[in-house]
Structures are given as C-alpha cells and as structure tokens.
Amino acid sequence: METGISVERAIELIEQNVRPVEAGHIRATRAQGRILSEDICAPMDQPPWPRSPLDGYAFRAADSTGASKETPVALRVVETLYAGSWTERTVQPGEAVRLMTGAPIPAGCDCVIRQEETDGGEETVQIYQALQPYDNYCAAGCDFHRGDLLLPAGTRLTGNALGVLASAGLYREEIMLPVYHKVRCAVICTGDELVPNDTRPLPPGKIYSSNAAVLASRLSELGVELTTLLPMFSDSADAPADAIYEAAENADVIITTGGVSVGAKDILHETLPLLFADRIFWKVKLKPGSPVMFSLYRERPLLSLSGNPFAASATFELFARPLLAKLFGCADLKPIVTEGALAEDFTKKGCSSRFVRAVFRDGVVTAPQGHSSGQLASAVGTNCLAEIPPISEPLEKDSRVKVWLL
Ligand code: AMP
Ligand code: MG
C-alpha cells in the first residue's frame, strides 16, 4: 500500500487498477446517456449531395469573373430549387439556378451567391460579386463522409451524439449500439453519530447524515446507477464488513464515507482486513479529506472517503470521477482542469494542496467564506474546486491557481 502520495499519483493508481465494465448492446432509441464501447463509422455521406447553405443563386464561378455592383454579370435563371427538391439538370455556362437554403446544388454549378449580392431577378439575375469555385458550397460529405469515424468508443451519447447518429440514419429502433453497461455503485456511510432524516427529534450527540444525499445525487448526475445506499453504520468493524460484502454482489464500485482517519473509531482499517481487501493507497497530500483510501475488493474498486461533508464531496470529485471515467470507458467524466485568478488574497497557510469550493466565472475564482471541511452550506452554488498550492505566505489576489470544474 502506498501512503502520503500526491493527488496526481492517487489518480494514477486508481486509473491503473480499474478496468471498464463489460459492454453489451442497446437499442439506439434508448441509448441516451450511455457510453459507446466501440467506434461507430458513417454508413453514408452527410449531406448526401452538395447543398446550399443560403438563399441565393448557384452557377459556375468562372461566369462571375470581374462582376461588381457597377459591372454586374447577367445570368439566365433556368430553375428554382427548394430544400427537398431535386433536378437532374447540368447547369450550363451563362446559366444560374435559384436556390433556397438546404436545396441541392445542381451539377455544373460550383458556387452559390447570396441573394443580397444580386438583384434577385427571376428570369435573369444580375450578379454583383466575383466568386471563387466552392464559395458558399457545402460539398457532399462536408459534415462526414461514408466510412469516417463518426463517434469513437468512449463517446457519451448526448443529444448531439444521437443527432449525429440520426443524421446518418442510425437512430432507429432496430439498430443495436455497442455500449458499456451502466456503472452500478453502492454507497455506505459509517459513523455512530449518524441518524437518518426521519429520526425526530434528533437525539443528543447525533447528526443527520448528509453524505449519502450528496453522493447519491452526484452519482445520478453522472449517469451512475445507485444499487445500494446504506445511510449509516455503526462504528464497529463487522457491520460495514457485512454491508460491503453484500453491496459488492450487485455493484461495480463501492464508495464508503467515514472511519478512515486515525481516531479510535476509524474502523475501516479493521474492516478491510476482515474482507481481505487489497489496499492500494491511504492518505493523499491534500486538504480536506487527506485520509482517503483506495482498495480493490473482489476485483471491484472500493473508494473510502473521509466522513467530513465537504471533504467527502471534494474527494468524490477528485477521485471518484476519474474512477468512474475509467469504469465507464469515458474520459469526459473526469473534471476539466483549467486556471483562474484569485478574486481575493488567500491567507490560510498549509503544507499540502488545499481544495477550496469556489465560483469560477470569466477567469476569476471567488471563494465563499467558511471553507472548513465539516461545512457544507457554503458549497451550495459553487461550480469548481480551486487548488491552492502549499503556501507559507498568503497567496495574493490575482494569483493564478488551478481550477477543477465540477
Ligand atoms: P470521520 O471521517 O468518520 O472521522 O468523520 C469526520 C466528521 O464527519 C465527523 O464530524 C463526522 O460526524 C462527520 N460525518 C461523518 N459521516 C458523515 C455523514 N454521512 N454525514 C454528515 N457528517 C458526517
Ligand atoms: Mg467517524
């Protein structure tokens, strides 16, 4: 087991130890949100024929040589085509075809002039501009060609991706798409102090468990199916061991919160040996949530987060997302990391990287007051984690920091 490692090393170890879930097939019309497990190639050109991107006239560019408002060129209008029309005609020198947006560009034409650059004539049109071949000309296959890689394995089937399939005629009931199975996750929260929300009144010494709600809703936002949500378990080693054993039956990944620090009741250290789980790392150089632990249990990843509400939430974003990305075979699930400028001085010193909830807008990072790991309320409305490097002096306003977008 590695210990005291960097965030990057922890993510690397997770990625090295996790394989994508198995793949199967699903009807294209029900595939929304799923991840492709194989490449999909285009069965046709899109558009299938040269297409006009605007309302105007198609002709041979060579016919417009020298044309201008002062010296227009006159062409004979031989036909009008609308989106959905078709002609077998080959347009000859000196001729033009009136076209509406989306209409096919007939053979013989190699450009389209915008209607506004003409007199809009019906039998004869005055061309006010000299065009080059392929000006305003959407060639057949300019979106994609038959045989092109349309969607690579690992693509999430979002609206745009399904739209691409539909434009290639593949969004049909009978088309079975190769996709990874949905990732199934179990969440187990431990702690003697935790009670469910329906415990009323709140007994002395107890608190409502918030981690289960945070993780369940984040998992669902990320397209994960929650198979087990055990809101709390007492701080004894056996109960979580039973829970983890049972959860593993129908989960591809297990996330626990609580009990991973170094206190007397941090029982995961006793629980995991009971299960013969293989511990890969424990303790990462970061704040909050440094006691995070990662193990493999019956070949399934088991991520154990600190119970502190904000720590659990931040380390979920940092570690569970790359883990899920690997399980799903979809890199999109990883947080996007960018850079921003601090809106204010950051004065809290530290010898490890500190992840602070913040709002990232127009390149500026604004952190709310109250960023202790036990506080969750100030995380509402934030959209990123700002990574404050280890500092012995305050970090001044406008300093550039890494920003993990959520
Ligand atoms: P632990 O990681 O078990 O040492 O817990 C650290 C802190 O987080 C303690 O103050 C716990 O009471 C709190 N905590 C642990 N689990 C939860 C939870 N599920 N919901 C809210 N707070 C929690
Ligand atoms: Mg505890």
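Quick caveat: nothing in here was measured; it's all calculated off a predicted structure. Along each chain, numbering runs from 1 in the same order as the chain's sequence is written. Written order determines the labels here, with chains lettered from A and ligands numbered from 1. The predicted nature of this model means local features are confined to residues of pLDDT at least 70 and side-chain atom pairs, given and counted, to a pLDDT of 80 or more, with totals for whole chains, interfaces and linings taken over all residues. Hydrogens and waters are ignored; side-chain quantities use all the structure's heavy atoms.

A.B. asks: Help me understand the overall build of the chain in this model?
C.D. replies: Note on conventions: DSSP H or I runs of at least 4 residues are helices, E runs of at least 2 residues are strands, and numbering of each starts at the N terminus. The secondary structure content of the chain amounts to 6 helices and 24 strands. C-alpha atoms define the radius of gyration in this analysis, and the globule rule sets the expected value at 2.2 Å times the number of residues to the power 0.38. Rg of the C-alpha trace for the chain: 30 Å, well past the compact-globule value of 22 Å for 406 residues, more than 25% over. Over its C-alpha atoms, taken along the principal directions, the chain stretches across nearly 90 × 55 × 45 Å. Exposed residues in this analysis have more than 50% of their type's maximum accessible area, buried residues have under 20%, and partly exposed residues fall in between, with area computed by a 1.4 Å probe over protein chains only. Relative to its full complement of 406 residues, the chain shows a buried share of 48%.

A.B. asks: Hey, could you run me through the sheet that holds strand β7 (residues 111-114) in this one?
C.D. replies: Note: strands within a sheet are paired through backbone hydrogen bonds, in either parallel or antiparallel orientation. The strand order across the open sheet formed by 5 strands is β7-β4-β6-β5-β8, and the pairing between neighbours is mixed. Where the open sheet ends on each side, the last strands, each with one partner, are β7 and β8 (124-127). Neighbour-to-neighbour, the strand axes of the sheet open up by a mean angle of 40°, direction not taken into account. The pairing of strand β5 (residues 73-81) with strand β6 (residues 95-99) spans 5 bridges and is parallel. Bridge pairing links Leu81 to Leu99 in β6. A strand pair is defined by DSSP finding two or more bridges across the two strands. The angle between two axes is taken between their N-to-C directions and runs from 0 to 180 degrees, where each axis is a line fitted to C-alpha atoms and a helix contributes only its stretch in contact.

A.B. asks: So what exactly am I meant to see when it comes to the site of ligand 1 here?
C.D. replies: Proximity criterion: a residue is near a molecule or strand once any of its heavy atoms comes within 4 Å of it. Neighbouring ligand 1 are 16 residues, the closest being Glu193, Ser209, Ser210, Gly259 and Gly307. Side-chain atoms alone can form a polar contact between residues adjacent in sequence; in general such a contact is a pair of N or O atoms within 3.5 Å, and within protein one must be able to donate a hydrogen while the other accepts it. At 2.5 Å from an oxygen atom of ligand 1 is found a side-chain nitrogen or oxygen belonging to Glu193. The backbone of Gly259 places a nitrogen or oxygen atom 3.0 Å from an oxygen atom of ligand 1. Here ligand 1 loses 77% of its free accessible area of 480 Å² to cover by the protein chains. Looking at the shell around ligand 1, its residues break down into 5 nonpolar, 9 polar and 2 charged. To be clear on the numbers: accessible area is Shrake-Rupley with a 1.4 Å probe, and residue cover counts the displayed protein chains and nothing else. Gly counts as polar in this scheme, as do all residues outside two lists: the nonpolar Ala, Val, Leu, Ile, Met, Phe, Trp, Tyr, Cys and Pro, and the charged Asp, Glu, Lys and Arg.

A.B. asks: Looking at this structure, how should I read the domain arrangement of the chain?
C.D. replies: As a measure of interface size, the accessible area lost when the parts come together is often cited. Domain assignment breaks the chain into domain 1 (2-21 + 182-333), domain 2 (24-43 + 151-180), domain 3 (56-127) and domain 4 (336-405). Annotation comment: domain bounds sourced from an automatic or database domain assignment. The distance between the C-alpha centroids of domain 1 and domain 2 comes to 32 Å. Contacts are residue-level and defined by heavy atoms, with any inter-residue pair within 4.5 Å sufficient. If you look at the interface, domain 1 gives 9 residues, while domain 2 gives 5 residues. We define a salt bridge as a side-chain nitrogen of Lys or Arg found within 4 Å of a carboxyl oxygen belonging to Asp or Glu. Remark: the boundary between domain 1 and domain 2 carries 0 salt bridges. Taken together, the links from domain 1 to domain 2 amount to 1 residue pair in polar contact (both at pLDDT 80 or more). Counted by class, the side of domain 1 that touches domain 2 contains 6 nonpolar, 1 polar and 2 charged residues.

A.B. asks: Would you mind going over the pattern of salt bridges with me for this structure?
C.D. replies: Pairing is possible between side chains that carry opposite charge, provided their charged atoms lie close to one another. Per the counting criterion, the structure on display carries 17 salt bridges. Here Arg218 and Glu221 are joined by a salt bridge, their closest N and O atoms 2.5 Å apart. One end of the pair, Arg218, and the other, Glu221, are both in helix α3 (residues 211-221), 3 residues apart, so they sit about a helical turn from each other. The exposure class of Glu221 is exposed, given its relative accessible area of 54%. One salt bridge in this structure joins Glu317 and Arg218, with 2.7 Å as the shortest N-O distance. Of this pair, Glu317 sits in helix α6 (residues 309-328) while Arg218 sits in helix α3, and the two are 99 residues apart along the sequence. By relative accessible area, Glu317 is classed as buried at 5%.

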